[in-house]
Structure formats: structure tokens, C-alpha cells
Amino acid sequence: MDFDITLTYDAPLAQVKDLLRNPDFYASRFNHMQDIGISVDLVEENGVLKATTAITVPPSAIPEKAKNFFKQEARASLVETWDSGAEGTLRFALEGFPISLEATSSLKDLGATTERTLTGKISCLLPLVGKSLEAAILKELPRITEEEEKAAAAFLKP
């Protein structure tokens, strides 16, 4: 299932690029979730910034609707890359589960703000329920975008 999302950071592009070099920012995007484990590995090599966020959700924090799929903790990874300009990629994968989200990402300097556009695809290869799970994830993207904007605002405050 394809998607296009646009979000706004309340800062010029140079400041947003600095934000993307801060591992605490990547972790803070999950502050609204209770009892999860987060670790961030941030590496910059040959002009490419790569942020890998590992997410661990204990059984007690897994939503009731999803507990049938997870008998133990759920593990996910979110890998984002940024080139030296303002273009990047994003890949989310749920370990042991055929669900993924992949997108290209671009930043556009609008002066006092920066616009981020993500264009991508959600894929779930589970027979019978795959399309409905993709639609459920798609429905959550506006809320996820809002959490991203809140986390960025907290770091970008003057």
C-alpha cells in the first residue's frame, strides 16, 4: 500500500540536519510509548548518515489486538539514512513478521521551517489479513507523523 506524508519541522534546514545527527532525537520519538526498550546506533561514513533504532516491546506492552501474533517480546528496527544533501531513506521491519515499511525521504528548506516528505510503501505478506494490516498501519501514519513533529519540536526549541 503506497503512501505520501508531509511533516514540518519548525527550524531551518541546517538546524534540522543537526537534529538528525543527535541519537537522543531518534530515541525521543518513542517517548510516548510505555515500557519499551530503545537503542540507537548513529554512524556517519562517506557523507552518509545512518541511524539504526532497535525497538523492543515486552509482552505487557503489546496491544491486545496484536497479542495473538506475539507470544514473547516484539522486536523491530527502523533504519534511516541521509546523504550530505537532504535526501534519505527509511526502512521499518518487524522481526519474524512479514511486515515492512520503506520510503524515500526529502527535506525542503522553507526558510524558518523545513518540510519533510516521505513517499513509500507498506507491505504485509500475510495471507488473508495482509491488506487489512497494511490499511491499519496506513491509518496510524498521521499519528506517527504528529509524534515525530512533537519530538523534533522539543529538540528544536530555542
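The structure displayed is predicted, hence computed values, not measured ones. (Residues numbered from 1 in each chain as written. Predicted model: local features only at pLDDT ≥ 70, side-chain atom pairs only at ≥ 80, totals over all residues. Heavy atoms only, no water.)

Colleague: Teacher, can you tell me more about the overall build of the protein here?
Modeller: For the protein, the helix and strand inventory stands at 3 helices and 7 strands. Walking the protein from its N terminus toward its C terminus, one meets helices and strands in the order β-α-α-β-β-β-β-β-β-α. Here the C-alpha radius of gyration of the protein, 16 Å, is about what a compact globule of 158 residues would show, namely 15 Å. When the backbone C-alpha atoms are referred to their principal axes, the protein occupies close to 45 × 30 × 30 Å. When each of the 158 residues of the protein is scored for burial, the buried share is 34%. Taking all contacts inside the protein whose residues are at least 6 apart in sequence as the whole, residues at least 24 apart take part in 51%. A total of about 9,100 Å² of accessible surface is found on the protein, and carbon and sulfur atoms cover 55% of it. Across the protein, the mean location of the 17 positive side-chain charges is 5 Å away from that of the 24 negative side-chain charges. (Helix = DSSP H or I, 4+ residues; strand = E, 2+ residues; numbered from the N terminus. Rg over C-alpha atoms; globule rule 2.2 N^0.38 Å. Buried < 20%, exposed > 50% of the residue type's maximum accessible area, 1.4 Å probe, protein only. Contact = heavy atoms within 4.5 Å. Areas by Shrake-Rupley, 256 points an atom, 1.4 Å probe, with all protein chains shown as cover. Lys, Arg positive; Asp, Glu negative; His and termini not counted. Charge placed at Lys NZ, Arg CZ, Asp CG, Glu CD.)

Colleague: Whenever I open this one, the layout of surface pockets confuses me. Can you help?
Modeller: Rolled over the atoms, a probe as big as a water molecule pinpoints where empty space is left. The calculated volume of the largest pocket comes to roughly 1,600 Å³. Every residue lining the largest pocket is counted, 42 residues in all, and those nearest its centre are Phe92, Ile137, Glu140, Arg143 and Ile144. Counting only elements with at least two residues in the lining of the largest pocket, the list comes to strand 1 (2-9), strand 3 (48-57), strand 4 (74-82), strand 5 (87-94), strand 6 (99-109), strand 7 (114-124) and helix 3 (130-156). For the lining of the largest pocket, the leading source of residues is helix 3, giving 11 residues. A class-by-class count of the residues in the lining of the largest pocket yields 29 nonpolar, 3 polar and 10 charged. (1 Å grid on protein atoms, 1.4 Å probe; cavity = no way out; pocket = protein on both sides within 12 Å on 5 of 7 lines; lining within 4 Å. Points joined across faces, edges and corners; volume = space filled by probe spheres on them. Nonpolar A, V, L, I, M, F, W, Y, C, P; charged D, E, K, R; others polar.)

Colleague: Help me out: how do you make sense of unusual backbone geometry in this one?
Modeller: Leave glycine aside and you will find that most residues have negative phi; peptide bonds, for their part, are mostly trans. A positive phi is found at asparagine 46, a non-glycine position, where the angle reads about 50°. Here asparagine 46 is to be found in the loop between strand 2 (37-45) and strand 3. In this structure, leucine 128 is a non-glycine residue whose phi angle is positive, near 70°. The exposure class assigned to leucine 128 is exposed, which follows from its relative accessible area of 90%.

Colleague: Can you walk me through the sheet that holds strand 2 in this structure?
Modeller: Two modes of strand pairing occur in sheets, parallel and antiparallel, and in both the strands are linked by backbone hydrogen bonds. Here we have 7 strands laid out as an open sheet, ordered 1-7-6-5-4-3-2, and antiparallel in their pairing. On the outer flanks of this sheet lie strand 1 and strand 2, each paired with one strand and no other. Across the sheet, the mean angle from the axis of one strand to that of its neighbour is 15°, orientation sign disregarded. Along the sheet, helix 3 contacts strand 1, strand 6 and strand 7; its crossing angle with strand 1, the most-contacted strand, is approximately 10°. (Pairing = 2+ DSSP bridges. Axes fitted to C-alpha atoms, helices over the stretch in contact; angles between N-to-C directions.)

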